[in-house]
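# Working through the structure, step by step
For reference, the chains in residue letters:
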Amino acid sequence: MTTAAGRRPTGRTAPEEWPEERRRTAERLLASSAKVSFDPLTEVDWASPPVPGRYYSPAHNLSLYGTPLWDALTEEQRIELSKHEVASIASVGIWFEEILMQMLLRHAFDRDPTSAHVQYALTEIADECRHSVMFAKMISWMGVPTYGPGRLSHELGRLFKTISTHSQTFGGTMYVEEILDAFQRELMNDESMQPLTRQVSRIHVIEESRHITYAREELVRAKVGPVRRRYEQLLLGLVVHRSTVGLINPKLYAAVGIDPKVGRKAARNNPHWRATKTQMAAKAIGVLDRAGLVGRTNRWLLRSAGVI
């Protein structure tokens, strides 16, 4: 990679020349960002109260749907469960977006800031800052705890954001954003849901579609040998497992009178919840597979997460 003057920027490294398609992708995404971006502080009606009797997420996407525990809940409790599960997923979204922002900064740090590719990475970081604030305000609006992914996943995230490779950065990003996109796409199109969670989902889906394109195209460009591929598969398998398992923090079941251990076991053994996760993750797992990042090294982790 060279600057306009034909020199590499001082103090920076570039392992390969920027492909022309990378430049075109970044320029297209920058143009789209300039045309359609949102400020959630003004675009979301935070002063509006929840609409009584409306779910925060479609009932069939909830972790206990179809189980005897679900059958025993009142309609009010089911709606309450939907609120806490949306909040849990949003808090995991914040956790991963904070990891992603640091990984993107590492990606940009050694590259030419005058390139469209790096400028889009910085644009995505700005998007993710707004998304994290938006999710945090939604959790506050709901009046529920910030559940997070759990202590172990939180600490593993601290390590992952520091050591992640190119394939892990963009493979992990593509997976988490695709699975959140699948959940939110259905939510935003369902007029029977809470208007505020629909609007938050709409903003996130529109802006994340650009992030998914950026990550997916970077991922498929990476070339790794057979030995290195095993390492990449293992680390990505851990990312998929921890981020998926962490979506629903078992502590939230207490909000509807269910022992967290009982709720966790019921969700883990719930074939409907497993099928929901498999469906939501299908597109991302397909991309990882085509990139050579699904194999015997991590397939057991994907099965354990319930996404294959």
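Residues numbered from 1 in each chain as written. Predicted model: local features only at pLDDT ≥ 70, side-chain atom pairs only at ≥ 80, totals over all residues. Heavy atoms only, no water.

## Structural notes on the overall build of the chain
Helix and strand content of the chain: 12 helices and zero strands. For the chain, the sequential pattern of α-helices and β-strands runs α-α-α-α-α-α-α-α-α-α-α-α. In terms of overall dimensions, the chain is globule-like: its C-alpha atoms have a radius of gyration of 20 Å, near the 19 Å expected for 308 residues. For the chain, the residues scored as buried account for 52% of the 308 residues in total. (Helix = DSSP H or I, 4+ residues; strand = E, 2+ residues; numbered from the N terminus. Rg over C-alpha atoms; globule rule 2.2 N^0.38 Å. Buried < 20%, exposed > 50% of the residue type's maximum accessible area, 1.4 Å probe, protein only.)

## Structural notes on the side chain of Ser115
Take Ser115: it is sitting in the loop between α4 (75-109) and α5 (116-142). Note on Ser115: relative accessible area 11%, which makes it buried. A polar atom in the side chain of Ser115 sits 3.2 Å from the backbone nitrogen of Val118. (Polar contact = N/O pair within 3.5 Å; in protein donor to acceptor, adjacent residues only side chain to side chain.)

## Points about the packing of helix α7 (residues 166-188) against helix α8 (residues 195-221)
Two elements in contact, α7 and α8, have axes whose closest approach is 8 Å; the angle formed by their N-to-C orientations is 150°. Between α7 and α8, the crossing angle belongs to the class labelled roughly antiparallel. Where α7 crosses over α8, the handedness of that crossing is left-handed. Split into classes, the residues belonging to the contact of α7 with α8 amount to 10 nonpolar, nine polar and nine charged. (Axes fitted to C-alpha atoms, helices over the stretch in contact; angles between N-to-C directions. Parallel < 35°, antiparallel > 145°, perpendicular 65-115°, else oblique. Left-handed = near helix turned anticlockwise from the far one by under 90°. Nonpolar A, V, L, I, M, F, W, Y, C, P; charged D, E, K, R; others polar.)

## So, the packing of aromatic side chains
For the coordinates displayed, the defined rule picks out six aromatic pairs. A cation over a ring is seen here: Lys137 above Trp46, with NZ or CZ 5.4 Å from the ring centre. (Phe/Tyr/Trp six-rings, centres within 6.5 Å; stacked < 30°, edge-to-face > 60°. Lys NZ or Arg CZ within 6 Å of the ring centre and 35° of its normal.)

## A closer look at α8
One full turn of an α-helix is made of 3.6 residues, so residues set three or four places apart face in the same direction. Compared with an ideal rise of 1.5 Å per residue, which puts 27 residues at 39 Å, α8 spans 39 Å between its outermost C-alpha atoms and is within 8% of the ideal. The largest bend along α8 measures about 30° and falls at Glu208. (Expected span 1.5 Å × (residues − 1). Bend = angle between axes of the 7 residues up to and from the residue.)

## Regarding the nonpolar core
Ranked by internal contacts, the top residues of the largest apolar core, which has 78 residues, are Tyr175 and Leu288. Non-local contacts of Tyr175, meaning those with residues more than four positions away in its chain, are made with Val240, Ser243, Thr244, Ala281, Ala284, Ile285 and Val307. (Core = buried A, V, L, I, M, F, W, Y, C linked by side-chain atoms within 4.5 Å. Contact = heavy atoms within 4.5 Å.)

## Concerning the packing of α4 against α7
Close contact between α4 and α7 brings their axes to 10 Å; oriented N to C, the two are set at 150°. The pairing of α4 with α7 is recorded here as roughly antiparallel in orientation. Between α4 and α7 lies a crossing of left-handed hand. Taking contact as the criterion, the partners of Ile89, Gly93, Phe96, Leu100, Met103, Leu104 and His107 in α4 are, on α7, His166, Thr169, Phe170, Gly172, Thr173, Val176, Glu177 and Leu180. When the residues that make up the contact of α4 with α7 are grouped by side-chain class, the tally is eight nonpolar, six polar and one charged.

## What about the pattern of salt bridges?
Going through the model one piece at a time under the given rule, you end up with 14 salt bridges. Its salt-bridge partner being Lys83, residue Glu80 comes within 3.3 Å of it at the nearest N-O pair. Here Lys83 and Glu80 lie together in helix α4, a separation of three residues that amounts to about one turn. For Glu80, a relative accessible area of 27% corresponds to the partly exposed category. The buried category is assigned to Lys83, whose relative accessible area is 13%. With its nearest N and O atoms 3.3 Å apart, the salt bridge here joins Arg221 to Glu217. Here the residue Arg221 and the residue Glu217 both occupy positions in helix α8, the gap between them amounting to four residues, near one helical turn. On the basis of relative accessibility, which here comes to 18%, the residue Arg221 falls in the buried class. Using a relative accessible area of 23% as the deciding quantity, one classes Glu217 as partly exposed. (Salt bridge = Lys/Arg side-chain N within 4 Å of Asp/Glu carboxyl O.)

## So, the environment of Glu191
With respect to the element layout, Glu191 can be found in the loop between α7 and α8. Glu191 sits 137 residues away from Arg54 along the chain, and the two C-alpha atoms are 9.9 Å apart. Those residues in contact with Glu191 that lie beyond four places of it in its chain are Arg54 and Arg198.

## A look at a nonpolar patch on the surface
On the surface, a nonpolar cluster with roughly 260 Å² of combined accessible area is contributed by Leu159, Ile163 and Tyr231. Tracing the backbone through its elements, the reader meets Ile163 in helix α6 (residues 151-163). Given a relative accessible area of 37%, Ile163 falls into the partly exposed group. (Patch = residues over 30% accessible without salt bridge, like charges linked within 9 Å, V, L, I, M, F, W, Y side chains within 5 Å. Areas by Shrake-Rupley, 256 points an atom, 1.4 Å probe, with all protein chains shown as cover.)

By themselves, these observations are geometric and do not establish any function.
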